[in-house]
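Structural overview
The residues making up each chain are set out below.
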Amino acid sequence: MNKPSPGFLISQNSIVVAAPDQVSSDLAGESVILNLKSGTYYGLNEVGSFVWELIQEPKSVGEIYDTIQQEYEVEAQDCENDVRALLSDLLEAQLVEIRDEAIS
């Protein structure tokens, strides 16, 4: 039986935060992240780095969408698709934690 993609676990109300078992560094507007558990490095482009900075503190996925749309000229659906894909990749790499509850 196929396991659901991490993207299906992410809703607009989900809370996202960077996982504790990683270190990251900014390199000329891009980010390099080391997963301390696996020893694997990951690189993020400028927009990915912007999202990475946002989730150093817990943020709802909706807040991330809104902030990206304010910062960059991007269509709402493209923004949602790209952010969900990035968060799914980060979740699969165990670089973020997803919580299914709204910020109170």
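So, here is what we can say about the structure in this document. If you're wondering where the values come from, they're calculated on a predicted model, not measured in any experiment.

Mapped onto the elements of the fold, Ile68 is located in helix 2 (residues 61-71). Exposure remark for Ile68: the relative accessible area of 5% places this residue in the buried category. Along the backbone, Ile68 and Val83 are 15 residues apart, and their C-alpha atoms lie at a distance of 8.8 Å. Discounting chain neighbours no more than four positions away, the residues touching Ile68 are Val47, Phe50, Val51, Val74, Cys79 and Val83.

Let us look at the nonpolar core. Counting residues in hydrophobic clusters, the biggest one holds 22 residues, and the most contacted among them are Trp52, Ile64, Leu87 and Leu90. Mapped onto this core, the elements with two or more residues apiece are strand 1 (15-18), helix 1 (46-54), helix 2 and helix 3 (76-92). No other element matches helix 3, which puts six residues into this core. Sequence-distant contacts of Ile64, defined by excluding residues within four places in its chain, comprise Val16, Val51, Leu54, Ile55, Lys59, Val83 and Leu87.

Bringing the sheet that holds strand 1 into the picture now. The antiparallel open sheet is built from three strands, whose spatial order is 5-1-6. What marks the edges here is a single partner per strand, and that holds for strand 5 (59-60) and strand 6 (96-99).

Quick look at the pairing of strand 1 now. Burial along strand 1 is two-sided: the residues Ile15 and Val17 and Val16 and Ala18 are all buried. Bridge count for strand 1 against strand 5 is two bridges, and the pairing is antiparallel. Along strand 5, the bridge assignment pairs Val16 with Lys59. Bridge analysis of strand 1 against strand 6 gives four bridges, and the strand direction is antiparallel. Across the sheet, Val16 pairs through a bridge with Ile98, a residue of strand 6.

What counts, and where the lines are drawn
- Residues numbered from 1 in each chain as written.
- Predicted model: local features only at pLDDT ≥ 70, side-chain atom pairs only at ≥ 80, totals over all residues.
- Heavy atoms only, no water.
- Helix = DSSP H or I, 4+ residues; strand = E, 2+ residues; numbered from the N terminus.
- Buried < 20%, exposed > 50% of the residue type's maximum accessible area, 1.4 Å probe, protein only.
- Contact = heavy atoms within 4.5 Å.
- Core = buried A, V, L, I, M, F, W, Y, C linked by side-chain atoms within 4.5 Å.
- Pairing = 2+ DSSP bridges.

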